[in-house]
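Close look at the chain arrangement
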Amino acid sequence: MNETQLIQLLSPTSPRRIRVIENLLVGKRSVSTLYWGMRYGLLDWLGYQKHLTRQEMETAVNDAAAKGLVTVTDLQASLTPSGITLRQANLSRQYQPKALGIRLTVDIPHFWQRLLLAVQVVSEYSYHNRQYYPLRADYRDKQAIKRWFSANKSDVTTRLPDALITFFKTQPEPAADLFSHLLTGHNTPGYTLSQLAAQTELSATTGQLMQTDALCQLAEQVLEDDQHVLRLLMHDLQQSPVSDSAMATLTAFQRGQSFDQISHQRKLKPSTVREHLLEAAIFLPVSALPYDRLLPADLQRTFQTRLTGAIDDWQYDTVSDLDIEFWQFRLYAILRSKQV
Amino acid sequence: MIAETTFYQQLKQRYGFESFRPGQLETLTALATGQDVLSIMPTGAGKSLIYELYGQVTQQLVVIVSPLIALMQDQVASMNYHGEKRVTALTSMMSYSEKAWTLTHLNKYRYLFVSPEMLTQERVMAQLQQQKVGLFVVDEAHCISTWGPDFRPEYLLLGQTREQLGAPLTLMLTATATPRVKKDIKRRMRLPAASVVTQPIDRPNIYLQVETVAGTAEKQQRLIALVSQLVKPGVVYFSSKKLANEMAALINDQTACRAAAYHADLEDESRFKIQQQFMANQIQVVCATSAFGMGIDKNDVRFVIHYHLPVDIESYWQEVGRAGRDGAQSIAILLYQPGDEQIADFLSQGSIPTDEEVHFYFQQKQLSEYDKDPKANLVWFYKRHAMSEAQVLELFKKRAAQRTGALQQMLRYVRTENCKRRFITGYFGQAHMTQPEQCCTSDTPGTTIAELGLESTAQPPENVGLSGWQTVMDQLFLRKK
Ligand SMILES: [Zn+2]
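Small disclaimer: the values here were computed from a predicted structure and weren't measured.

About the cut-offs
- Residues numbered from 1 in each chain as written.
- Chains lettered and ligands numbered in written order.
- Predicted model: local features only at pLDDT ≥ 70, side-chain atom pairs only at ≥ 80, totals over all residues.
- Heavy atoms only, no water.
- UniProt positions renumbered as here; feature names shortened; annotations may be inferred.
- Helix = DSSP H or I, 4+ residues; strand = E, 2+ residues; numbered from the N terminus.
- Domains from an automatic or database assignment.
- Buried area = accessible area lost by both parts, 1.4 Å probe.
- Salt bridge = Lys/Arg side-chain N within 4 Å of Asp/Glu carboxyl O.
- Buried < 20%, exposed > 50% of the residue type's maximum accessible area, 1.4 Å probe, protein only.
- Contact = heavy atoms within 4.5 Å.
- Polar contact = N/O pair within 3.5 Å; in protein donor to acceptor, adjacent residues only side chain to side chain.
- Pairing = 2+ DSSP bridges.

1. Observations concerning the UniProt feature "domain: Helicase Helix-turn-helix" (unreviewed entry) in chain A
According to UniProt, the feature "domain: Helicase Helix-turn-helix" (unreviewed entry) maps to residues 245–306 of chain A in the numbering used here. In this annotation, residues 245–306 of chain A is assigned 73% helix and 0% strand; the end-to-end C-alpha distance for the span is 34 Å.

2. Quick look at the domain arrangement of chain A
All names here are of chain A. Once the domains are mapped, chain A shows domain 1 (3–94), domain 2 (108–234) and domain 3 (244–339). Taking only C-alpha atoms, the centre of domain 1 and the centre of domain 3 are 27 Å apart. When domain 1 packs against domain 3, close to 1100 Å² is buried across both sides, 67% of that on carbon and sulfur atoms. Looking only at domain 1, the three residues that lose the most surface to domain 3 are Val31, Tyr35 and Arg39, adding up to 50% of its buried area. Scanning the region where domain 1 abuts domain 3 turns up two salt bridges.

3. Examining the pattern of salt bridges
Taken as a whole, this structure holds 38 salt bridges over all chains when the rule is applied. As a salt-bridge pair, arginine 114 of chain A and aspartate 236 of chain A come within 2.8 Å of each other at their nearest N and O atoms. One end of the pair, arginine 114 of chain A, is in helix H6 (residues 108–126); the other, aspartate 236 of chain A, is in the loop between helix H12 (231–234) and helix H13 (244–254), with 122 residues separating them in the sequence. Judged by relative accessible area, arginine 114 of chain A falls into the buried class, the value being 0%. The exposure class assigned to aspartate 236 of chain A is partly exposed, which follows from its relative accessible area of 28%. Close ionic contact of aspartate 184 of chain B with arginine 188 of chain B constitutes a salt bridge, the shortest N to O distance being 3.3 Å. Of this pair, aspartate 184 of chain B and arginine 188 of chain B both sit in helix H8 (residues 179–188), separated by four residues, roughly a single helical turn. Owing to a relative accessible area of 5%, aspartate 184 of chain B belongs among the buried residues under this scheme. Beyond isolated ion pairs, a larger network of salt bridges with shared partners links Arg19, Glu22, Arg54 and Glu58 of chain A.

4. Here's the deal with the interface of chain B and chain A
How big an interface is tends to be stated in terms of the accessible area lost upon association of its parts. Each side of the interface is counted separately: chain B has 34 residues, and chain A has 42 residues. Interface area, chain B with chain A, both sides summed: about 3600 Å², of which 61% is carbon and sulfur. Summed over the three residues of chain B that lose the most area to chain A, namely Tyr81, Trp469 and Phe477 of chain B, the buried surface amounts to 22% of that side. In this structure, aspartate 162 of chain A engages arginine 479 of chain B in a salt bridge whose closest nitrogen and oxygen atoms are separated by 3.8 Å. Counting across the chain B and chain A interface gives 13 residue pairs in polar contact (both at pLDDT 80 or more). Of all the elements in the fold, those that place two or more residues in the side of chain B that touches chain A are helix H4 (69–81), helix H5 (96–104), helix H11 (268–279) and helix H18 (469–476) of chain B.

5. Focus on the pairing of strand E2 (residues 61–65) of chain B
Residue and element names in this part refer to chain B. Most of E2 sits inside the fold, with five of its five residues counted as buried. The alternating pattern of E2 places Leu61, Val63 and Val65 and Val62 and Ile64 on opposite faces, both of which are buried. Where E2 meets strand E5 (residues 133–138), five bridges bridge the pair, whose relative direction is parallel. Across the sheet, residue valine 62 finds its bridge partner in E5, namely leucine 135.

Structure below.
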């Protein structure tokens, strides 16, 4: 995290909650974080920087404020006119990620472990070398590589480089160069990200973004092509963006169980059941949830007449006299966000 | 009884060597006659070859107890490298399923590395008891002694563990043991009759230099000057990760050579890359904290510099031992700034719980809240093993006094105007020593780096910049252009 990245995550039109951005990056999945992450259009960044500290975040905010790019009121950050100008200019000057969102449905860190190991194994194999220090990897990843390698052994020394070359050609040159130097193989130890950042005058923050986004794009290419040489490495890395527990709640609700029944059977607090449904609503398309049961048609009509203007300006007070609960107000906002 | 020739055959077949290094064959033949052995060999003298070969020849399970996960991983990687696949490390880093699979398939392995903590788990012991352990190896055996530099209470249980495993043949290995520690190791392992194989601790090809500097700025300048002047590769040891990072950056900035920091904060991927870069001489200087290099076999390290005062002679000598493993002239330089002993004292005493901490942890009903704190774990270890609070307090008091004494010895090394080498060999109880012509700062204070043949004449590597991805692909996959 640095001030450049912070500015990219802020809005030119409205203030944003600093804690929401921080929690999103760290990967905290509270409904409030997820909801505002969706509203800010930043859900793709969920869990992007698991080790981000409060101090790093504050430093970035303070640096940006000291340079007059940002003002902070009530823990909400707004871009100043010069902040807006810089953000606009950075859109063409700074690396802009394209595919971070796939991180929600693919286990990207493990994909990287596997890719690294696959490249090392194939590299040594193409030099007919059996004597080398293997990268350390999780048992599950090692097993996946073993299976993958024996299934592809006959032509892997051409298919893997070919697939990588195809991929690199889709990338901006600096990103392709950076990515290739992170790989390791025969007599090629590769470089660490901080070594590359030091040698290329990229900031470590940008370097990490380029690496992650390139990897995400490669994952997309693999998923789009059944015949991709890396496809077999991917099959147990796909995941749902919705947590298992929230998914189980949704399934029970779809089978016709009431909130009380679910809460009783799954030994969950009633508030947790509602949070589960909100989480599912945030991540899944409108068709995946029985909105008509959650928000009856007449309630939706009332909301429609009472809640007008920009969604972020809606106030619960406007509807709190109705016989409703807060989660319904929030769910309606999610629904409307998705219908725009 | 295994014939000596069998060991030689395996040595040739497996490693391509014609002869053993000092101490290896003596240890192997003692083991072959059913003798438990305490083998004291300097770092890098090929300790692991002994148990690798023994497992190979006898086709039996070898269990190696080792104190550090990083060390075990390096050893597993190194055995993989030599073509041995039937080896694994049972550590807390393993996932639950991986551990479960390994435990139920122990018969698939010839070599099993375990941490002493693992051996306190019933599930692990139950599975191990079903195997016939051919050789029980205690690596870094000095960890069992409260008189040693790296005492680990879990090691105290190893004597008992060994008996629970049916008292298999046992090999205790250490690089650094004073006579007192040797005796203590045998006693605590309940193997008073074990034979002892000792190698000379001295490394005559390493010139021993101690330099006193006035302050931090001078120390930094001196480091930069030395790193520029000396033949590389080399290792610089620091007492903190932060300083290792900063000095690596400074070396990259102010000298023509490439440096990298290497310490426990690195993730596996970076650790691997930096090790490999160092092996391939792509970086010439590594700025390390003392955890570095445990598993690396780099023979041509020409200098080891200590930027801080080590906490005891044992760790100092172990780190110095990274230099000159190929036998060629090398140098160890200790940069001492008056007052450095305070940092060392802080580090050395810092791991010992205070009276208040002992009292606090003794009062807790559960450890869970504090289980990340090594001090809490330490106190609880004794609590679980039925020691009273008073006994534990007394124990830590002794430990603190022992650490203070060890640091005093280190300072005596720095200050002595007599032969530094004789001081070291004397410390480890080895009176006999042949002094090399160029010995140490005390004996030949005027010796220059040039006279040692360690002045760098190589042109600094040209910074050619990074190649494009196409070139990287050609190199990685041996693609013909
Ligand atoms: Zn001397």
